[in-house]
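The primary structure of each chain is shown beneath.
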Amino acid sequence: MLLTDFIIFVLSLWVGFEVISKVPATLHTPLMSAANSIHGIVLAGAIIIAATAHSLAGYVLAFIAVAFAAMNVVGGYVVTGRMLKMFRRRTPAAVPGGRQASAVAAGTAASGPDGRVTS
Amino acid sequence: MTGTFNTIIQLIYLAAASCFVLGLHLMNTPATARRGNQVSVAGMVAALLATGALVIHDGVIGAGGWIVIAAGVVVGGGLGLFAARTVRMTAMPQLVSVFNAVGGGAAALVAIRDYMELGSHVAAATSVTTVLDVIIGSVTFSGSIIAAGKLQGMITSAPVTFPGARVVNLLLAAAAVGVGAYLIAAPGMIGLGVVIAAALVFGISMVMPIGGADMPVVISLLNAFTGTAVAMAGFVIDNTGLIIAGALVGASGGILTKLMADAMNRSIGAIMLGGFGSGDAVAALAGPAGASVQTIAADDAAIQLAYASKVIIVPGYGLAAAQAQHEVAALADLLESRGVEVSYAIHPVAGRMPGHMNVLLAEANVPYPLLKEMDEINPEFPRADVALVIGANDVTNPAARRPGTAISGMPILDVDAAKSVIVIKRSMGHGYAGIDNELYTNPKTSMFFADAKKGLAELTAAVKTLVG
């Protein structure tokens with residue numbers, strides 16, 4: 001069991017190095033935040049120890065572990081999503097060569113009542 | 001124990017792990033990154049549901065267990081959601097630190113609980129990972145709390161050190177590892193308590209001597225620690241989902257740590273030993289004495305910018321500290337509308353964590369194709385009519401190219417290659433390295449002494465009035 005686990009661990013490290021070294025510097029903060037959410041899977045471990053707890057101390061430890069891990073996983077994913085939403089190729093307002101205000105007006109006219117052109 | 005059920009659970013964990021890998025892979029371009037995050041969420045939900053099914057199937061969980069899980073998810077999840085929704089982008093490093101802390105703490109608790117429950121019944125091989133989980137998780141927990149406190153300004157960001165600090169650190173580390181090894185041979189709760197205490201204190205004493213400028217490295221390293229702690233927790237409870245996810249995060253943290261350390265030309269060891277930016281750096285080798293500094297008024301700077309064909313903006317942490325991201329974006333938009341080619345030169349350690357400056361500028365609606373990495377932008381400086389440096393200091397100092405200075409060998413932005421340089425800065429104060437910036441005395445450089453936010457607003461107003 002332990003050897004199999006160790007093999008999985010080492011191979012996962014290599015996969016991690018390969019995949020993550022291709023992430024551009026501009027996304028390093030969301031990357032770290034996304035990695036943060038992934039280690040929120042420790043919530044699964046916390047659930048398992050909560051399931052087997054039978055003493056008061058066990059319950060207290062399990063509660064703290066579950067709360068910590070839940071904070072990690074929920075907060076991590078939400079904040080990563082929030083950050084990634086801000087990365088835009090070009091906003092409709094910033095068309096080169098055109099005045100900002102008129103570009104916005106043109107965008108509104110072109111895209112109907114909601115006034116947003118998603119890129 | 002039905003074999004089929006466990007096989008299905010294991011396959012779901014495998015699918016979840018695949019989602020994590022795919023999610024990270026999709027982060028290789030900003031265009032697909034959001035989908036990557038969603039894929040990762042899907043994997044997480046699947047893994048957690050499978051875990052729920054597993055504990056129900058095992059039939060050991062009672063009402064108490066469910067109450068604990070529900071209460072924990074509501075309290076922790078609620079706090080996480082609130083923090084994630086309300087955090088300001090400038091405070092992102094603190095939040096990531098807090099998430100590192102709770103992730104590491106949860107991993108340590110899993111091992112502690114497992115050890116309490118099983119004690120002497122576990123095999124020696126498993127208790128090695130248990131002890132490692134307790135140590136790494138505890139160090140991450142207390143270290144990340146201190147890092148968050150320093151970033152938030154609740155604890156001084158200056159290096160805090162005392163005579164013999166390194167010896168104390170070594171003793172603490174030795175105590176944690178030594179007693180930990182003893183625990184494997186002879187299990188006992190007192191020993192466990194000593195290991196936890198030593199590891200917690202070590203986490204504090206490890207981060208306290210590290211200065212504010214080194215925070216990008218520290219956060220990355222603690223991120224790697226958290227991942228490793230979670231992987232160890234996976235070993236303890238024999239859960240492949242935790243092992244794979246932990247290893248992925250460990251790899252991510254490891255890569256970022258190395259990138260950040262390289263970007264400052266400092267070894268990870270030197271950073272962990274601390275003392276950088278303590279003010280005792282040798283200033284003697286910097287610039288010719290008495291070199292004069294030219295200042296520039298807003299109107300003249302505005303003319304230079306407005307009639308340039310290519311402007312490179314060099315933002316540093318000072319820009320973020322002054323909350324001037326929106327002002328710089330407004331100026332850049334105005335210049336672009338006049339047909340000026342504008343791009344941003346982002347040094348890897350421009351913020352307080354890897355990629356921080358990019359997020360801050362993205363928040364100010366700067367399109368990401370304009371954000372250029374150091375290697376990409378450096379060849380473009382000779383073509384730039386104006387390099388506009390805002391709140392960046394050490395990363396533009398040509399002294400880094402010569403040996404014998406505090407920043408020698410650090411990769412820098414070749415700002416001095418631009419045809420002219422305008423620096424917006426409040427005073428001639430030093431950066432973290434504590435040395436004079438030779439860029440400021442370069443004949444091509446004009447200093448515009450102002451707060452970043454006010455200075456940029458003045459420039460924008462001046463461009464508007466001068467050239468309509």
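Keep in mind it's a predicted model, so treat the numbers as computed, not measured.

On to helix α14 (residues 356-363) of chain B. Taking burial as the measure, the 8 residues of α14(B) include 8 buried ones, the bulk of the element. Of all the residues in α14(B), the buried ones are H356(B), M357(B), N358(B), V359(B), L360(B), L361(B), A362(B) and E363(B).

Moving on, we get to the interface of chain B and chain A. Contacts between chain B and chain A engage 101 residues on the former and 84 residues on the latter. Residue classes in the side of chain B that touches chain A are distributed as 58 nonpolar, 33 polar and 10 charged.

On to the confidence of the model for chain B. Residues and elements named next belong to chain B. Mean pLDDT for chain B: 88, with 94% of residues reaching 70 or above. Across residues 276-289, confidence stays below pLDDT 50; counting only partners more than four residues off in sequence or on other chains, it has 33 contacts. Reported confidences for the modelled complex are a pTM of 0.87 and an ipTM of 0.88.

Glancing now at the domain arrangement of chain B. Interfaces are often sized by the amount of accessible area the parts lose when they come together. Residue and element names in this part refer to chain B. Domains assigned within chain B are domain 1 (1-83), domain 2 (92-278) and domain 3 (294-467). Measuring from the centre of the C-alpha atoms in domain 2 to the corresponding centre in domain 3 gives 37 Å. With 18 residues of domain 2 at the contact, the number on the domain 3 side is 14 residues. Elements with a minimum of two residues in the side of domain 2 that touches domain 3: α4 (92-118), α8 (215-236) and α9 (240-263). Of the residues that constitute the side of domain 2 that touches domain 3, the class distribution is 13 nonpolar, 5 polar and no charged.

Most often, soluble globular proteins keep nonpolar side chains buried together rather than apart. In this structure, A46(A), A65(A), V66(A) and V110(B) are the most contacted members of the largest nonpolar core, which totals 210 residues. Looking at this core element by element, the count peaks at 18 residues for helix α4 (residues 56-86) of chain A. Leaving out residues up to four positions away in the same chain, V110(B) has contacts with V42(A), G45(A), A46(A), I49(A), A65(A), A233(B), V236(B) and I237(B).

Quick look at the environment of A25(A) now. Along the chain, A25(A) falls in the loop between α1 (2-20) and α2 (28-38). Between the alpha carbons of A25(A) and V74(A) there is a distance of 25 Å; along the sequence they are 49 residues apart.

Moving on to the packing of α2(A) against α9(B). Axis separation between α2(A) and α9(B) bottoms out at 9 Å; the angle between their running directions is 155 degrees. Here α9(B) runs roughly antiparallel to α2(A), going by the angle between their axes. The element α2(A) and its partner α9(B) pack so that their crossing is left-handed. Across the interface between the two elements, H28(A), L31(A), M32(A), A35(A) and I38(A) of α2(A) pack against A245(B), L248(B), V249(B), S252(B), G253(B) and L256(B) of α9(B). Grouping the constituent residues of the contact of α2(A) with α9(B) by class yields 8 nonpolar, 3 polar and no charged.

We now examine the sheet that holds strand β5 (residues 386-390) of chain B. All names here are of chain B. Reading across from one edge, β1-β7-β6-β5-β2-β3-β4 is the order of the 7 strands in this open sheet, with parallel pairing throughout. One side of each edge strand has no neighbouring strand; the edge strands of this open sheet are β1 (294-295) and β4 (371-373). Across 3 bridges, strand β3 (residues 341-346) lies against β4 in parallel orientation. Considered in β4, the bridge of I346 is made with E373. Strand contacts of helix α13 (residues 325-337): β2 (310-315), β3 and β5, with the helix running at about 175 degrees to β2, the strand carrying the most contacts. Of the strands in this sheet, β2, β3 and β4 are in contact with α14, which crosses β3 at around 145 degrees.

So, about helix α7 (residues 189-207) of chain B. Each full turn of the α-helix corresponds to 3.6 residues, which orients residues three or four apart in the same direction. Taking 1.5 Å per residue, 19 residues should reach 27 Å; α7(B) reaches 28 Å between its end C-alpha atoms and fits that length. Taken residue by residue, α7(B) has L192(B), V195(B), I196(B), A198(B), A199(B), L200(B), F202(B), G203(B), S205(B), M206(B) and V207(B) as its buried positions.

This next bit is on the pairing of β5(B). All names here are of chain B. Of all 5 residues in β5, 5 are buried, a share of seventy percent or more. In β5, alternate side chains face the same way, and those of V386, L388 and I390 on one face and A387 and V389 on the other are all buried. Of the pairings in the sheet, the one linking β2 to β5 comprises 5 bridges and is parallel in character. Paired with V311 across the bridge in β5 is V386. In this sheet, strand β6 (residues 420-425) lies alongside β5 in parallel orientation, the contact comprising 5 bridges. Within β6, the residue paired with I390 across the bridge is I424.

Conventions used here
Residues numbered from 1 in each chain as written. Chains lettered and ligands numbered in written order. Predicted model: local features only at pLDDT ≥ 70, side-chain atom pairs only at ≥ 80, totals over all residues. Buried ≥ 20, exposed ≤ 12 C-beta atoms within 10 Å, placed from the backbone. Helix = DSSP H or I, 4+ residues; strand = E, 2+ residues; numbered from the N terminus. Contact = placed C-beta atoms within 7 Å. Nonpolar A, V, L, I, M, F, W, Y, C, P; charged D, E, K, R; others polar. pLDDT = per-residue confidence, 0-100. Domains from an automatic or database assignment. Core = buried A, V, L, I, M, F, W, Y, C linked by C-beta atoms within 7 Å. Axes fitted to C-alpha atoms, helices over the stretch in contact; angles between N-to-C directions. Parallel < 35°, antiparallel > 145°, perpendicular 65-115°, else oblique. Left-handed = near helix turned anticlockwise from the far one by under 90°. Pairing = 2+ DSSP bridges. Expected span 1.5 Å × (residues − 1).

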